[in-house]
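# Observations on the three-dimensional arrangement
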Amino acid sequence: MARKVLVVDDEKLIVKGIRFSLEQDGMEVNCAYDGEEALKMAKEKEYDIILLDVMLPKMDGFEVCQQIRDFSNVPIVMLTAKGDDMDKILGLEYGADDYITKPFNILEVKARIKAIMRRTERKAAAEEQHKIVEVGDLVLDCEGRRVSIAGKEINLTAKEFDVLELLVFNPNKVYSRENLLNIVWGYEYPGDVRTVDVHIRRLREKIEENPSEPKYVHTKWGVGYYFQH
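Below is a summary of the structure that appears in this document.

Each value, and the rule that gives it
- Residues numbered from 1 in each chain as written.
- Predicted model: local features only at pLDDT ≥ 70, side-chain atom pairs only at ≥ 80, totals over all residues.
- Heavy atoms only, no water.
- Core = buried A, V, L, I, M, F, W, Y, C linked by side-chain atoms within 4.5 Å.
- Buried < 20%, exposed > 50% of the residue type's maximum accessible area, 1.4 Å probe, protein only.
- Helix = DSSP H or I, 4+ residues; strand = E, 2+ residues; numbered from the N terminus.
- Contact = heavy atoms within 4.5 Å.
- Phe/Tyr/Trp six-rings, centres within 6.5 Å; stacked < 30°, edge-to-face > 60°.
- Lys NZ or Arg CZ within 6 Å of the ring centre and 35° of its normal.
- Pairing = 2+ DSSP bridges.
- Salt bridge = Lys/Arg side-chain N within 4 Å of Asp/Glu carboxyl O.

### Side note on the nonpolar core
Grouped together as the largest cluster of nonpolar side chains are 28 residues, with contacts concentrated most on L140, L164, I207 and V217. For this core, the secondary structure elements donating two or more residues are β6 (132-135), β7 (138-141), β8 (146-149), α6 (158-169), α7 (177-185), α8 (194-207) and β11 (224-227). Among the elements that make up this core, the one with the highest residue count is α6 (six residues). Filtering out sequence-adjacent residues up to four positions away, L164 remains in contact with L140, V147, L156, L203, I207, V217 and F227. The next biggest cluster of nonpolar side chains, apart from the first, holds 23 residues, and it includes A32, F62, I76 and Y94.

### Points about the packing of aromatic side chains
Summed over the entire model, instances satisfying the criterion amount to one aromatic pair. Centroid distance Y216 to F227: 5.9 Å. Interplanar angle 10°. Geometry classified as stacked. Here Y216, found in the loop between α8 and β10 (217-220), pairs with F227, found in strand β11; they are 11 residues apart in sequence, far enough to count as distant. Here K12 stacks its cationic end above the ring of Y33, 4.5 Å away from the centre of that ring.

### Some thoughts on the pairing of β7
In the sheet, β6 pairs with β7 via four bridges, with the strands oriented antiparallel. For V133, the partnering residue across the bridge sits in β7 and is L140. In this structure, the hairpin formed by β6 and β7 is closed by a connection of two residues, where G136 is found at a positive phi of approximately 60°. Alignment of β7 against β8, held across four bridges, turns out to be antiparallel. Among the inter-strand pairings, L138 is bridged to a residue of β8, identified as I149. Two successive antiparallel strands, β7 and β8, enclose a turn made up of four residues, where R145 displays a positive phi of approximately 50°.

### Some details on the pattern of salt bridges
Inspection of the entire model under this criterion finds 18 salt bridges. Among the salt bridges present, the one from R3 reaches D48, with a minimum N-O distance of 3.9 Å. With R3 in the segment before β1 (4-8) and D48 in the loop between α2 (35-44) and β3 (49-53), this residue pair connects regions lying 45 residues apart in the sequence. Residue classification places R3 among the partly exposed residues on the basis of a relative accessible area of 29%. Ionic pairing is found between K114 and D25, a salt bridge with its closest N-O pair at 3.3 Å. One end of the pair, K114, is in helix α5 (residues 106-129); the other, D25, is in the loop between α1 (12-24) and β2 (28-32), and 89 residues separate them in sequence. In this structure K114 comes out as partly exposed when scored by relative accessible area, which is 38%.

See below:
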């Protein structure tokens with residue numbers, strides 16, 4: 001089955017270039033040129049991935065991304081030309097899965113799309129096998145992407161959940177920060193491995209009774225992180 005991609009950018013030449021290149025790879029590509037149109041299309045049709053420019057007429061990419069997240073978990077890659085958007089995107093509070101800076105190489109875009117799709121497929125396969133996992137007080141609901149501790153639901157971001165899910169399904173396996181970046185973020189991450197440390201710290205603050213003496217997510221000094229039953 002052809003992969004369905006929605007490309008959203010108000011620069012028609014960029015859209016045309018991406019569309020041509022993805023169609024060459026056998027993907028089905030729809031295009032939108034402003035935020036409102038993008039949101040409407042995302043509601044009307046299920047896509048495998050959405051490439052979404054930050055700077056859009058009528059509604060910016062961040063707002064579109066947030067609104068799509070109200071009804072869909074479709075992977076979203078933000079396209080940005082502005083360096084100062086980086087902090088916003090890196091925080092990924094908007095629910096995006098990834099970002100690419102302009103000007104970009106179309107081969108890089110394709111590599112990212114493939115990495116995200118592979119990851120989504122792996123996750124779908126894992127979720128089929130394991131819907132709900134219980135470890136002590138911690139309950140991980142993979143289908144609903146919810147986590148609760150001692151019956152209390154914990155609000156995790158998409159990436160925090162992805163990190164926890166990976167560690168829970170591979171107990172006592174130590175993952176280096178580079179490893180986590182490649183698996184959870186899905187490619188050779190251009191940023192800093194400290195991104196992982198920030199996510200682990202936030203995760204611990206949410207799920208550990210005492211984050212400095214973790215019960216679940218442990219550090220193996222000089223190597224990486226692991227989950228212990």
